[in-house]
Amino acid sequence: MTNVAILGFGVVGGGVADLLTKNSAEVKKLGGDEINIKYILDLRDFPDSPFADKVVHDYNVIVDDPEVDCIIEVMGGSHPAYEYTMAALKAGKSVITSNKEVVANFGDEFLAAAEASGVSYRFEAAVGGGIPVISPMINCIGQNKITEVRGILNGTTNYILTKMFSFGAGFEESLKDAQERGYAERNPDADILGTDACRKIAILSSLATGRLVPTENIHTEGITGIRKADVKAAEKLGMSIKLLGRSIIADDGTYIMVAPFMIGKDSPLSNVSGVYNAIEVLGEPIGSVMFYGPGAGAGATASAVVGDLMQVMCSGRACAQPTMIKSLDGVCDFAEFESRQYIALSGADQNSITASFGEVQFIPADEEIAFITKKMREGDVEAKLESLGAEIKSRIRLA
Ligand code: HSE
């Protein structure tokens, strides 16, 4: 019998309890043992839940119980998730989480603590919800020389952008629709400002490079500035706009970022619609592989959490653990990043733009002037825009 405790009985915690109960036969077959949910930690009581008798309010009851083998942390947020995780690992209990914030902030410390205690720390559900991507990156393709990891890592923003492209809706209207459907939180900032995707690309990048880049050092833009005019411009170019997390691993270092990108309709990421997520990993010799599926939701996220639990039960510390070191070593200055850029301005004309940017591709636009630059350094684009002195309506890179 393997005893587990679930920290947090919200949407994901409930999904994990349901999956462990409903699919107990499959879990036993794969994990090689029966699972007992011994405790559920939450501030609230759930008198009508079939798990009501498992609920405790004091974490010490769990961490001090030597019968608890594994802790499933699905509370979200950095604190007290950090303290609870550390205490569990130090007590010799494996920890599984869906909490991208705590992994992005402290994954290096947790992996070191797990190593020291001879237990596992796993976080498949922290990126891409139900999509198996962390484990394949560690176990199946880690032997490649990874050159880029890029993905649609946030379902809320992908839904909003899909709505803007499919129905010609504006950003605010699309956000409201996402909120009404339960795809966006009442406070949607972490999604629409790119924070959530930033945490996820930090985690994915660390698997490819071994370095966990602090999120504050990752260039992060959200989608709040995307206008109907930008959607029309992208359509004229045969492109779509996607919020991408990218970690580009070149010989001279890694560029890591979250930003909206215009991407060609022939790119597999361009066809990922609605709340779905997708992660493309490019490497040598494998070429390109893509992981696609539901990036959120109780069932999908629970599937990834329980998948981790099966791994811990089968293999214990024999599971391959990634190495993460928090470091900016090898991280390139974003000002050096080169791309073609779509720029929309008012208060400039074609002559002044050509004089400043050289040859560009102008795109017909109403009441503004829009163009695509040649491939340029970020820093050079900034300097030229500043010297032009025009009002910047939009600026979106091409992937
Ligand atoms: N708000 C997140 C998203 C949930 O929209 O992708 C999963 O991390």
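Before any of the text, the structure's been laid out above.
What counts as what
- Residues numbered from 1 in each chain as written.
- Predicted model: local features only at pLDDT ≥ 70, side-chain atom pairs only at ≥ 80, totals over all residues.
- Heavy atoms only, no water.
- Helix = DSSP H or I, 4+ residues; strand = E, 2+ residues; numbered from the N terminus.
- Expected span 1.5 Å × (residues − 1).
- Bend = angle between axes of the 7 residues up to and from the residue.
- Buried < 20%, exposed > 50% of the residue type's maximum accessible area, 1.4 Å probe, protein only.
- Polar contact = N/O pair within 3.5 Å; in protein donor to acceptor, adjacent residues only side chain to side chain.
- Contact = heavy atoms within 4.5 Å.
- Pairing = 2+ DSSP bridges.
- Near = heavy atom within 4 Å.
- Areas by Shrake-Rupley, 256 points an atom, 1.4 Å probe, with all protein chains shown as cover.
- 1 Å grid on protein atoms, 1.4 Å probe; cavity = no way out; pocket = protein on both sides within 12 Å on 5 of 7 lines; lining within 4 Å.
- Sits in = over half its atoms within 2 Å of the grid points.
- Nonpolar A, V, L, I, M, F, W, Y, C, P; charged D, E, K, R; others polar.
- Points joined across faces, edges and corners; volume = space filled by probe spheres on them.

(A) Representation of unusual backbone geometry in the model. Here the bond from His79 into Pro80 is cis, since omega is 10°, no more than 30 degrees from zero. Secondary-structure assignment places Pro80 in the loop between strand 4 (68-73) and helix 4 (81-90). The omega angle of the peptide bond from Glu284 to Pro285 is 5°, so this bond is cis rather than trans. For Pro285, the location among the structural elements is in the loop between strand 12 (276-284) and strand 13 (287-294). Phi at Glu367 takes a positive value of approximately 55°, unusual for a residue other than glycine. Mapped onto the secondary structure, Glu367 falls in the loop between strand 17 (361-363) and strand 18 (369-372).

(B) Helix 5 (residues 100-117), seen in detail. Compared with the 26 Å implied by 1.5 Å per residue over 18 residues, the 22 Å span of helix 5 between its first and last C-alpha is markedly short. Taken as a whole, helix 5 carries its principal kink of about 80° at Phe106. For helix 5, every residue scored as buried is listed here: Val102, Val103, Ala104, Phe106, Gly107, Asp108, Phe110, Leu111, Ala113 and Ala114. Put simply, Asn99 is the residue that caps the front of helix 5, since its side-chain oxygen is 3.2 Å from the backbone nitrogen of Glu101. Trailing helix 5 by a residue or two, Gly118 shows a phi angle of about 70°, which is positive.

(C) A look at the side chain of Arg246. Mapping Arg246 onto the fold places it in strand 10 (residues 239-250). A residue is classified by how much of its surface remains accessible, and Arg246, at 7% relative accessible area, is buried. In this view, Arg246 contacts Glu148, Val149, Arg150, Ile201, Tyr255, Ile256, Met257, Phe261, Phe337 and Ala399; residues no more than four positions away in its chain are not counted.

(D) Seen up close, the pairing of strand 10. With eleven of twelve residues buried, strand 10 lies mostly within the body of the structure. As judged from the twelve bridges shared by strand 10 and strand 11 (residues 253-264), these two strands associate in the antiparallel manner. Each bridged residue has a counterpart across the sheet, and for Lys242 the counterpart in strand 11 is Phe261. In this structure, the hairpin formed by strand 10 and strand 11 is closed by a connection of two residues.

(E) A look at the site of the ligand. Lys100, Asn154, Gly155, Thr156, Asp191, Asp196, Lys200, Gly295 and Ala296 make up every residue found near the ligand. Contacts to the ligand include Gly155, whose backbone N or O atom sits 2.8 Å from an oxygen atom. The separation between an oxygen atom of the ligand and a polar side-chain atom of Lys200 is 2.8 Å. The protein chains hide 81% of the 260 Å² of surface that the ligand would expose on its own. If you map the ligand onto the pockets, it falls in the largest pocket. Of all the secondary structure elements, the ones that give two or more residues to the shell around the ligand are helix 7 (155-167) and helix 10 (195-209). Residue composition of the shell around the ligand, grouped by class: one nonpolar, four polar and four charged.

(F) Representation of the layout of surface pockets within the structure. Of the volumes computed, that of the largest pocket is approximately 1100 Å³. What lines the largest pocket is a set of 42 residues, and nearest its centre among them are Val12, Lys100, Glu185, Asp196 and Ala296. Looking at the lining of the largest pocket, the elements with two or more residues in it are helix 1 (11-22), helix 5, helix 7, helix 9 (189-192), helix 10, strand 12 and helix 12 (298-315). Of the residues contributing to the lining of the largest pocket, the split by class is 17 nonpolar, 18 polar and seven charged. Empty space within the second largest pocket amounts to approximately 290 Å³. Lining the second largest pocket are 17 residues, and of these Ser303, Ala304, Val306, Gly307 and Asp308 lie nearest its centre. Of all the secondary structure elements, the ones that give two or more residues to the lining of the second largest pocket are helix 2 (24-31) and helix 12. Looking at which element gives the most residues to the lining of the second largest pocket, the answer is helix 12, with seven residues. In terms of residue class, the lining of the second largest pocket is made up of seven nonpolar, six polar and four charged.

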